[in-house]
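Residue-level structural notes
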Amino acid sequence: MPIHPHSDDEGEALDLQNTRVQKRARCSGHDDNEGLGESSSNEQSSQSQMDFWFHDGDIVLAIERMLVRVHKRVLSRSHVWDDMLEIPQPSYIETYDGLPLVKLYGDTANDWLSLLRWLYNDRQFYTSPSASHFPTLSGALRLSTKYDFPALRTWCITRLLTLWPPLSLVPSLSSTPPLPHALAITLARQTDVPEILPAAFYSLATLKWRNAADGGNAHEVLSPGDLRRVILGREALQELIDEFRSTLDDSPSTLAASDPHYTCKTVLERRWRKAFKDGIGSSNGNGVCVLRTLQEMMIENLEEACDGHLRWHRELARERMEKVVDAVPRMFML
Ligand SMILES: [Zn+2]
């Protein structure tokens, strides 16, 4: 939920800095904050904003209830800010402690804290584990896109691609902790990063939703169109899995029991049926069950199968994995 700067029921016990923010924001009287509200934490903001109150700063930014005093030269690394700061100022501008005050409606304090951490110490930002946490990463991506900080945007996209990689790499991902796939889809739409969509849609669709918080609230996060994509994609994946389970070319059931390959082919048939018997959605809540299962089958040993049939089995798993990877964008209409 967006935090309204002028709300009266908060802030009385906050520190001097925050009291100033509230006083200032009351004067402005705006209430059209359009922040995304995602992971907004006022307490965290009020503590961390002190890190960005520089005594030699020459501009004050107001974002939600947060005030920071920073340097124009630092903001000017962005063409957008450079252009804004170049524009001749009108004779009357709002000030704070004698400095120009810029109110940034529509941004969130937490997003700005991510950006400011990067602006003032990018090396430390890149190596900090917290920078790769989704709320920080998504905030940095939103603002680096909005204000055109290409280096930060590129870094954020690279990090996101380690979490939602090309589909052929999805099985190698660890499934813990669960990732916020629905938020990632929304972020990708907002910031034009379609590269992560196949992995995010696939992962969300293959979750067992009743076991996963992310699946459980996806309907609140996704647009109606994207929610429809999840449902259609899930149905299409289920159909493909049903096909994997039910059809093996050269099925052993056509062989006589006396055939020397009867046993090994029966083993393979049983393996395929068992692998996908639960259908889509894995009981342990990870979102990579189909591709992960196929990848396991590509390298597994089945002792009862002859070498020829084992090779055939692994090759079939590879073909079917490629088929899934190829089909996902179409299934989800991406
Ligand atoms: Zn055989």
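Everything that follows concerns the structure shown earlier in this document.
In short, a report on the structure. (Residues numbered from 1 in each chain as written. Predicted model: local features only at pLDDT ≥ 70, side-chain atom pairs only at ≥ 80, totals over all residues.)

Their axes nearest at 10 Å, the elements helix H7 (residues 134-146) and helix H9 (residues 181-191) cross at an angle of 10°. Relative to H9, the element H7 lies roughly parallel. Every residue of H9 that contacts H7 at Phe134, Ser138, Leu141, Arg142 and Thr145 is listed here: Leu183, Leu187, Gln190 and Thr191. (Axes fitted to C-alpha atoms, helices over the stretch in contact; angles between N-to-C directions. Helix = DSSP H or I, 4+ residues; strand = E, 2+ residues; numbered from the N terminus. Parallel < 35°, antiparallel > 145°, perpendicular 65-115°, else oblique. Contact = placed C-beta atoms within 7 Å.)

Moving on: the sheet that holds strand E2 (residues 66-70). Read across the sheet, four strands follow the order E2-E1-E4-E3 without closing on themselves; strand pairing throughout is mixed. Each edge of the sheet is formed by a strand with only one pairing partner; in this case those strands are E2 and strand E3 (95-96). The sheet contact formed by E3 and strand E4 (residues 99-103) spans two bridges and is antiparallel. Residue pairing for E4: Thr95 is matched across the bridge by Pro100. (Pairing = 2+ DSSP bridges.)

Helix length check: helix H15 (residues 307-331), at 25 residues, gives a terminal C-alpha distance of 35 Å against a target of 36 Å (1.5 Å per residue), a fit within 8%. Of all the residues in H15, the buried ones are His313, Ala317, Arg320, Met321, Val324, Val328 and Met331. Along its buried surface, H15 packs onto helix H10 (197-206), helix H12 (224-246), helix H13 (262-275) and helix H14 (289-299). Looking one or two residues past H15, Met333 carries a phi angle of roughly 55°, positive in sign. (Expected span 1.5 Å × (residues − 1). Buried ≥ 20, exposed ≤ 12 C-beta atoms within 10 Å, placed from the backbone.)

Counting residues in each nonpolar core, the largest one holds 66 residues, and the members touching the most others are Ala140, Ala184, Ile185, Ile196, Ala200, Phe201 and Leu204. When residues of this core are sorted by domain, at least three fall in each of domain 1 (1-131) and domain 2 (225-331). (Core = buried A, V, L, I, M, F, W, Y, C linked by C-beta atoms within 7 Å. Domains from an automatic or database assignment.)

Before going further, it helps to examine the pairing of strand E1 (residues 59-63). Most of E1 sits inside the fold, with four of its five residues counted as buried. Note: E1 against E2, five bridges, orientation antiparallel. The residue of E2 that forms the bridge with Ala62 is Leu67. Alignment of E1 against E4, held across three bridges, turns out to be parallel. Bridge pairing in E4 links Val60 to Leu101.

Here we take up the packing of H12 against H15. Helix-helix packing: each pair is described by the crossing angle between the helix axes and the interaxial distance. Look at H12 against H15: their axes get within 10 Å of each other, and the N-to-C directions meet at 160°. Judged by the angle between their axes, H12 and H15 are roughly antiparallel. For the element pair H12 and H15, the recorded crossing hand is right-handed. Of H15, the residues touching H12 (which contributes Gly233, Ala236, Leu237, Leu240 and Phe244) are Arg320, Val324, Ala327 and Met331. Of the residues in the contact of H12 with H15, the class split is seven nonpolar, one polar and one charged. (Left-handed = near helix turned anticlockwise from the far one by under 90°. Nonpolar A, V, L, I, M, F, W, Y, C, P; charged D, E, K, R; others polar.)

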